[in-house]
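Here are the chains, one letter per residue:
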Amino acid sequence: MNDPTRFARNSTSRRSFLRLAAAAAGTGVVASGARGATPSQWFGVSGWNAFRSVTRADDGYLLTGIQTNADDEQVGWAVRLDDDLETVWERTYQSPPHLTETDVGEDHDGFEFAIRDGDGGFLLVGWWHTLGSDSRFGWLVRIDGRGRVRWSRTYRRPGVNSFRDDFAGGVRTDDGFLLVGRTIASEFLDDRSGDGWVVSMSKNGRVRWQRAYNTENETNGSWEDDDRHDALSAVVAVDDGYLAVGEASPDGPTESSPTAGWAVRLDADGDVRWSRTYRSDPDAKNEFRDVVSTDDGYVFAGVAGETESVTELHDYQMRGSGWVLGVDGRGRRQWEDDGGSGFHAVAPSASGVLVAGRRNGRGWAVEYDGDGERTGRTATESARDSAYTAVARTPDGHLLAGYGRQSGETNALVETVEAGDDADGGDEDDEHLLEIVATERGDVNYQFTVDGTVEGVRVDDKIKAESNDAITENDDGTVTVSGFTGNAGYGDAFRFTGDIQYFERTGGDADFFVRLDGDRVDPEELADDDRDSHLFEIVASEWGEVEYRFTVDGAVEKVRLNGRVKAENNDVVTENDDGTVTVSGFTGNEGFGDAFRFTGSMTDFERTSGDADFFVRLDGERVSVDDLLD
């Protein structure tokens, strides 16, 4: 798969309420000297480094995650910050079996979260992965306030032939900790079997009790007859017990029925009080990644999509549409929303909750009030290829943690979001809802570009952005959507910020209408475009090759009209010293071609190679090359 840190452009300069600070640690196993995490400053080491959690401490924060060491191995990583985000200490850690392994690159470790232990220290919770048997087991390290190890142990579910027993969430209890995770049969992409795993543990690491859970209410001692996948990702303490969330297979085998989001209410002894499943997208896998208690219930944060392997996590991670759901104390739906490409974490806020994840390839956080309405308070990470994986409430707002790309490396980052400030710094970031709806049988192909951000959303079962609607970030900071819909009453929907620069139909013959913020508008009135731009297509009309070159005295951007007519990597756009732009392209085979949008005039066009016949279209009309240059 792609690197898991594939994200996008910076809008921090437009948001006065954001303060960016990035921190990445050294490679040693002892504490480094104090080093500040200052605004807009990065600290990095070679390899892949990421924060996975942020935990509030008495006088600062503890950040935990994963660092790549000099041997190209993942190791556990913890960074202690004070209230001013100055680094107090940082350390890397290795699990006991990793420390004894002599084959370099065979073993890897990482921390997923931390829990305050009530004695001034922390329990660091993560995993140990060995490539030899492709096994992954839970790993716990208890440290004091200065990061020194009290004890370090790995854990697996006793008496069961599992190859994946690890923890994803946990809370402190009166006499220890309660941890939740999963126990599954074999390789990490195995979604055919598995149970949620809950372990009650003392402060010294002794297991008091452990149980496995699934929606069939059966305990799997072996995996031979298990064809469903259940797992737990997060837990909160509630009155007389706990509420854990994750994913489950309530409707049959996972090979024929995608997973659903799962919430299970446990009493203090681990007995089930109630269990419910939920779906955002019935055709996708659904999971909850985090949960927070509210005054009248809970808010779950997660994703609906498909799973992809992430090399550095030695695990899978779901990619798709972000999903946030508010429920009452019995788990009954109160409100829900989708957006972005996945939510990782949620924390209380003054107005409701702040949910963190990613959108348009960048770290993104958005606030919801108690009724599930977006308040307009958002944060978008400045770094390309970034994500927010954790959020903690602070005295002045929130602290977001995650990772992003800078100078070719992936480094950890933190960012503060201050409470009480206007979210987006002005009207330019107000969110709008755009719907494109067909009114008769047939196809509607369209394209539009905005100078802000875009996310596909689901309005209802008929009007929703889907996988055939492509959202592309352009090099100039704009975002282009190329979509397809059709048939009466069906359509696509998107939330966007900024202005629509242009909107056009690119194919199909069905009538349609567009709605902006609930009101029908003329498509020609959508665009705030004074560039006098043109759509140009070069399409082969027979089998063979077409190589070409053209120059314009304005600007050029690549366009995707549909699966057949689209500019690709082999089409090169070059800015010349005289202010013109030259495109050198290649296409071929009947019905396939390239597409571009340009401003100004085309000063020359020529075929440079190939023998296939072709035609050109300008603004949807076939024209001759002579007419093109006139």
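Keep in mind that this is a model prediction, so the values were computed, not measured.

**Q** Sorry if this is basic, but what is going on with the side chain of E381 here?
**A** Assignment of secondary structure puts E381 in the loop between strand 25 (374–380) and strand 26 (387–394). For the buried residue E381, which engages in no salt bridge, the nearest side chain bearing the opposite charge is R362, 9.3 Å off. Of note is the side chain of E381, whose polar atom sits 3.2 Å from the backbone nitrogen of A383.

**Q** How should I be thinking about the confidence of the model for the chain in this particular structure?
**A** The predicted structure's coordinates, where accompanied by low pLDDT, should not be read in detail. When pLDDT is averaged along the chain, the result is 85, and 89% of the positions lie at 70 or above. With pLDDT under 50 throughout, residues 1–41 is counted as low confidence; its partners more than four residues away or in other chains account for 158 contacts. Predicted confidence is poor over residues 421–428, with pLDDT under 50, and the contacts of this stretch with residues over four places away or in other chains come to 17 contacts.

**Q** Which parts of the structure should I look at to understand unusual backbone geometry?
**A** Most peptide bonds are trans, and most residues other than glycine sit at a negative phi. Of note in the backbone geometry, D517 takes a positive phi value of approximately 55 degrees without being a glycine. One can find D517 in the loop between strand 36 (512–516) and strand 37 (519–521). For D517, a relative accessible area of 42% translates into the label partly exposed.

**Q** Please clarify how the sheet that holds strand 3 (residues 60–68) should be interpreted in this entry.
**A** The strands making up a sheet associate through backbone hydrogen bonding, with each pair oriented either parallel or antiparallel. Ordered by their spatial adjacency, 4 strands build an open sheet running 2-3-4-5, and the pairing between neighbours is antiparallel. Each having just a single partner strand, strand 2 (50–57) and strand 5 (87–93) make up the two edges of the open sheet. With direction set aside, neighbouring strand axes in the sheet form an average angle of 20 degrees. Pairing of strand 4 (residues 74–82) with strand 5 involves 6 bridges; the strand directions are antiparallel. Paired with V79 across the strands is E90, a residue of strand 5.

**Q** Is there a simple way to think about the packing of aromatic side chains in this case?
**A** Given two aromatic rings, one states the distance between the centres and the angle between the planes to describe the pair. If you walk through the whole model with that rule in mind, you get 25 aromatic pairs. An aromatic cluster of three or more residues is present, and its members are F536, Y548, F550, F596, F605 and F614. The positively charged end of R597 is found above the aromatic ring belonging to Y502, 3.7 Å away from the centroid.

**Q** Explain the nonpolar core here, please?
**A** Generally speaking, nonpolar side chains in soluble globular proteins are found buried as a group. Counting 18 residues, the largest nonpolar core has F536, I538, Y548, F550, F596, M602 and F605 as the members making the most contacts within it. Going through the elements one at a time, strand 38 (534–540), strand 39 (545–552), strand 42 (581–588), strand 43 (593–598) and strand 44 (602–609) are the ones with two or more residues in this core. Per-element accounting of this core gives the leading share, 4 residues, to strand 39. In terms of nonpolar packing, the next biggest core, distinct from the first, is built from 17 residues, L434, V479, F496 and L526 among them.

**Q** Explain the sheet that holds strand 20 (residues 315–328) here, please?
**A** With antiparallel pairing, the 4 strands of this open sheet are ordered in space as 18-19-20-21. The sheet is open, and its two edges are formed by strand 18 (285–294) and strand 21 (333–339), each paired on a single side. In this sheet, neighbouring strand axes are inclined to one another by 25 degrees on average, regardless of whether the strands run parallel or antiparallel.

**Q** Before we go on, may I ask you to explain the environment of T294 in this structure?
**A** Assignment of secondary structure puts T294 in strand 18. Of the residues examined, T294 reaches a relative accessible area of 28% and is grouped as partly exposed. Residues T294 and V353 lie 59 residues apart in sequence; the distance between their C-alpha atoms is 8.5 Å. If near-sequence neighbours (up to four positions away) are discounted, T294 is found in contact with V299 and V353.

**Q** Could you clarify how one ought to interpret the environment of S609 in this entry?
**A** The topology assignment puts S609 in strand 44. The sequence separation of S609 and R549 amounts to 60 residues, and the corresponding C-alpha distance is 9.8 Å. Setting aside anything within four residues of it in sequence, one finds S609 in contact with E545, V546 and E547.

**Q** It is not clear to me how the environment of V299 should be interpreted in this structure. Could you clarify?
**A** If you trace the backbone, V299 turns up in strand 19 (residues 297–310). On a C-alpha basis, the gap between V299 and G372 in space is 9.5 Å, while along the polypeptide they are 73 residues apart. If we ignore the near neighbours within four places in the chain, the residues touching V299 are D290, V291, V292, T294, V324, L325, G326, W335, V346 and V353.

**Q** I would appreciate a short explanation of the pairing of strand 18 in the present structure.
**A** The two faces of the sheet receive side chains in turn, since in a regular strand these alternate between them. The element strand 18 is extensively covered by neighbouring structure, given that 8 of its 10 residues are classed as buried. Judged from the 9 bridges that link them, strand 18 and strand 19 form a sheet pairing that is antiparallel. In the strand pairing of strand 19, K285 is matched with G305.

**Q** Any chance you could explain a negative patch on the surface here in plain terms?
**A** Taken together, the side chains of E542, E545, E590, D611 and D613 present a region of like negative charge at the surface. Following the sequence through the fold, E590 ends up in the loop between strand 42 and strand 43.

**Q** What should I look at first to understand the pairing of strand 10 (residues 164–173) in this one?
**A** Counting buried positions over the 10 residues of strand 10 gives 8, a clear majority of the element. For strand 8 (residues 135–143) and strand 10, the ladder comprises 2 bridges, and the chain directions are parallel. Paired with R136 across the bridge in strand 10 is R164. Relative to strand 11 (residues 176–184), strand 10 runs antiparallel, the two being bridged by 9 bridges. Residue pairing across strands places V171 opposite L178, the latter belonging to strand 11. The loop that links strand 10 with its antiparallel partner strand 11 comprises 2 residues.

Rules used in this analysis
- Residues numbered from 1 in each chain as written.
- Predicted model: local features only at pLDDT ≥ 70, side-chain atom pairs only at ≥ 80, totals over all residues.
- Heavy atoms only, no water.
- Helix = DSSP H or I, 4+ residues; strand = E, 2+ residues; numbered from the N terminus.
- Buried < 20%, exposed > 50% of the residue type's maximum accessible area, 1.4 Å probe, protein only.
- Lys, Arg positive; Asp, Glu negative; His and termini not counted.
- Salt bridge = Lys/Arg side-chain N within 4 Å of Asp/Glu carboxyl O.
- Polar contact = N/O pair within 3.5 Å; in protein donor to acceptor, adjacent residues only side chain to side chain.
- pLDDT = per-residue confidence, 0-100.
- Contact = heavy atoms within 4.5 Å.
- Pairing = 2+ DSSP bridges.
- Axes fitted to C-alpha atoms, helices over the stretch in contact; angles between N-to-C directions.
- Phe/Tyr/Trp six-rings, centres within 6.5 Å; stacked < 30°, edge-to-face > 60°.
- Lys NZ or Arg CZ within 6 Å of the ring centre and 35° of its normal.
- Core = buried A, V, L, I, M, F, W, Y, C linked by side-chain atoms within 4.5 Å.
- Patch = residues over 30% accessible without salt bridge, like charges linked within 9 Å, V, L, I, M, F, W, Y side chains within 5 Å.
- Areas by Shrake-Rupley, 256 points an atom, 1.4 Å probe, with all protein chains shown as cover.
- Charge placed at Lys NZ, Arg CZ, Asp CG, Glu CD.

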